[in-house]
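# Working through the structure, step by step
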Amino acid sequence: MADPDDTLTPPAPSRRMLLKSAILTFLLALVVTVLFVLPAEYGVDPTGAGQALGLTAMGRAAAPEIDATPTIVSGSFPPIPAEEDFDYYEPEVLADPFSRSHAAPFRSDTIVIDIDEFEHVEYKAFMKQGDAFVYSWRLTKGNTVYTDFHADPDGNPAYPERYYVRYAESEDPKASGSLVAPFDGHHGWYWMNIEEQPVQITLEVRGFYEGIEELMRAYQ
């Protein structure tokens, strides 16, 4: 019977063999990633094998393109009813956002805003959802100004960080219209002087809102 101490023990793998094995494993993982993982998960197909195997379609479905355009709030008016659907004695009731009562008193503000060369300002009204106003502004000095008419939910944590909506954007010397607030928050105008001289804006706002004030003024 052989002595256990005399049993031959296989030699431990050398450092060179371990390095070779690690390199082969890395290369195999790299090949699998390039040929299969990138086309299937991300739609990236540097070799063309993913398209041949039908994997790139999976990647496009898994990673759709993101539209970074600011949200534009839109809606529609009620359609014209068919003759057979109209009842003279029971007319359709139109409430929000077409008709509503307001607890806040009616306001009227006229503000003169001077904007220096290379300066930009922001004026906004705080409004509750469903509040409404009509507005008109015009340049009373100067010929053109950049305008971004928009709104934000005033840091409401229910909305994504830095969320806002845009109502209009222009370089016109005047604008007028109406607004029904889609959410609680700040609703108003950002103006940037793009002339090489001071400009002046006269803003008129009438309606239901909790005041309007200058929120920002700075130089570019």
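Below is a short write-up of the structure.

Calculation criteria
Residues numbered from 1 in each chain as written. Predicted model: local features only at pLDDT ≥ 70, side-chain atom pairs only at ≥ 80, totals over all residues. Heavy atoms only, no water. Pairing = 2+ DSSP bridges. Helix = DSSP H or I, 4+ residues; strand = E, 2+ residues; numbered from the N terminus. Axes fitted to C-alpha atoms, helices over the stretch in contact; angles between N-to-C directions. Buried < 20%, exposed > 50% of the residue type's maximum accessible area, 1.4 Å probe, protein only. Polar contact = N/O pair within 3.5 Å; in protein donor to acceptor, adjacent residues only side chain to side chain.

## Overview of the sheet that holds strand E5 (residues 165-170)
Pairing within the open sheet is antiparallel, and its five strands lie in the order E5-E4-E7-E2-E9. Where the open sheet ends on each side, the last strands, each with one partner, are E5 and strand E9 (212-219). Sheet twist, expressed as the mean angle between neighbouring strand axes with direction ignored, is 15 degrees. The sheet contact formed by strand E2 (residues 119-127) and strand E7 (residues 185-192) spans eight bridges and is antiparallel. Following the sheet pairing, Phe 126 is matched in E7 by His 186.

## Brief notes about the side chain of Arg 166
Tracing the backbone through its elements, the reader meets Arg 166 in strand E5. When its relative accessible area of 16% is taken as the criterion, Arg 166 is described as buried. Looking at Arg 166, its side chain comes within polar contact range of the side chain of Asp 148, at 3.0 Å. At 3.5 Å, the side chain of Arg 166 and the side chain of Tyr 164 are in polar contact.

## Concerning unusual backbone geometry
Even without glycine at this site, Phe 118 takes up a positive phi of about 65 degrees. Under the relative-accessibility criterion, Phe 118 is labelled partly exposed at 47%. Positive phi is not limited to glycine here, since Arg 162 has a value of about 65 degrees. Inspection of the secondary structure puts Arg 162 in the loop between strand E4 (146-152) and E5. When its relative accessible area of 77% is taken as the criterion, Arg 162 is described as exposed.

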